[in-house]
Amino acid sequence: MSSQADRRDTRRIIIGPEFGISFALKGHAYHDVRITNLSTGGCFALVGARDARLFDRGAVLEGLTLLHPELPKAPILATVSYVLGGRPGADPLEMVGIGIQFLGMDEAAQEALCAWVDAAEASQQV
């Protein structure tokens, strides 16, 4: 596989409610945003439907930080890959799902995240 995006589908780790992220988007700060899965190339987050309009595909998430003691704390540059839910004309939802792709992080953080994903993947196969 040639890129982080290629590995996303096969190395996605389902995680619990103790995992979250923080970031800035279009001048708005988001703290303790729940994520439901994590890979070396990105994650899936849940945001309030009232904010869904800010999360256009390609929107840049600045200073994304993984909020879990086992994960690296270096800021990550990321982008919105897709949005699930919150479409005009549909029934209103409380939460909207956001696919997030990591674009850049320092090498030490990337290595630490890869090691964590490897360990989590191995423990899920037991």
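Keep in mind that what you see is a predicted model, and the values were worked out from it rather than measured.

## Considerations on the packing of aromatic side chains
Evaluated as defined, the whole model comprises five aromatic pairs. For the pair Phe 23 and Tyr 30, a centre-to-centre distance of 5.1 Å together with 20 degrees between the ring planes defines the contact as stacked. Of the residues examined, Tyr 30 reaches a relative accessible area of 10% and is grouped as buried. Taken together, the ring pairs connect Phe 23, Tyr 30 and Phe 55 into an aromatic cluster.

## Here's the deal with the nonpolar core
Core analysis: the biggest nonpolar cluster contains 36 residues, and Ile 21, Phe 55, Leu 64, Ile 100 and Phe 102 have the highest contact counts within it. Where this core is concerned, the elements lending two or more residues are strand E2 (20-25), strand E3 (28-39), strand E4 (42-48), strand E5 (60-67), strand E6 (76-84), strand E7 (95-104) and helix H2 (107-124). It is H2 that provides the largest number of residues to this core, a total of five residues. Each residue touching Ile 100, except ones within four places of it in the same chain, is listed here: Ile 21, Gly 41, Gly 42, Cys 43, Ala 45, Leu 61, Leu 64, Ala 78, Thr 79 and Ser 81.

## A few points about the confidence of the model for the chain
Overall, the prediction assigns the chain a mean pLDDT of 87, with 84% of residues at 70 or greater. When the elements of the chain are averaged for pLDDT, helix H1 (residues 4-7) gives the smallest value, 44, and E2 the largest, 97. Low pLDDT (under 50) marks residues 1-9, which in the prediction has ten contacts with non-local residues, meaning those over four places away or in another chain.

Reading the values: the criteria
- Residues numbered from 1 in each chain as written.
- Predicted model: local features only at pLDDT ≥ 70, side-chain atom pairs only at ≥ 80, totals over all residues.
- Heavy atoms only, no water.
- Phe/Tyr/Trp six-rings, centres within 6.5 Å; stacked < 30°, edge-to-face > 60°.
- Buried < 20%, exposed > 50% of the residue type's maximum accessible area, 1.4 Å probe, protein only.
- Core = buried A, V, L, I, M, F, W, Y, C linked by side-chain atoms within 4.5 Å.
- Helix = DSSP H or I, 4+ residues; strand = E, 2+ residues; numbered from the N terminus.
- Contact = heavy atoms within 4.5 Å.
- pLDDT = per-residue confidence, 0-100.

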